[in-house]
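Chains, contacts and geometry: an overview
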Amino acid sequence: DLRMNSDDVREFIRTLEVDIQNLQSEIREDFEYEIGRTIKQLENNKDIRGRLMILGGLIKDVGINTFANVIASPVFELLKPYLGI
């Protein structure tokens, strides 16, 4: 069974935030909203799997190759199943 911990998720989010800076503002705002919701649920010790699936869907919509820092991040491999990628 795969396990994710909050530090891995936070590292993934920090990396994702770097990659979204170059996206169009509309798309970037979608990511920022979902990232905010994910962090809020994480801080409240809620299940974030649904939020990660939404982030994974956004990543797929934009195109995974756009996210060079995310792809290069070691936590990406750990979280891929939770992202639906």
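Scroll up for the structure.
The structure displayed is predicted, hence computed values, not measured ones.

Before going further, it helps to spend a moment on the nonpolar core. One finds Phe12, Leu16, Phe31, Leu55 and Phe67 to be the most contacted residues of the largest nonpolar core, which totals 21 residues. Of all the secondary structure elements, the ones that give two or more residues to this core are α1 (6-20), α2 (25-43), α3 (49-62) and α5 (74-83). With near-sequence residues (within four places) excluded, leucine 16 lies in contact with Phe31, Ile35, Leu55, Ile59, Phe67 and Val70.

Take α2 next. Given a rise of 1.5 Å per residue, 19 residues ought to cover 27 Å, and the 26 Å separating the end C-alpha atoms of α2 matches this to within 8%. For α2, the full list of buried residues reads Phe31, Glu34, Ile35, Thr38, Gln41 and Leu42. With its buried residues spanning 125 degrees around the axis, α2 presents them on a single face. Seen from the buried face of α2, the exposed residues on the opposite side, beyond 90 degrees, are Glu26, Tyr33, Lys40 and Glu43. Buried positions along α2 lie against α1 and α3. Positive phi appears at asparagine 45, one or two residues downstream of α2, with a value of about 55 degrees.

The rules behind each value
Residues numbered from 1 in each chain as written. Predicted model: local features only at pLDDT ≥ 70, side-chain atom pairs only at ≥ 80, totals over all residues. Heavy atoms only, no water. Core = buried A, V, L, I, M, F, W, Y, C linked by side-chain atoms within 4.5 Å. Buried < 20%, exposed > 50% of the residue type's maximum accessible area, 1.4 Å probe, protein only. Helix = DSSP H or I, 4+ residues; strand = E, 2+ residues; numbered from the N terminus. Contact = heavy atoms within 4.5 Å. Expected span 1.5 Å × (residues − 1). Arc of directions from axis to C-beta.

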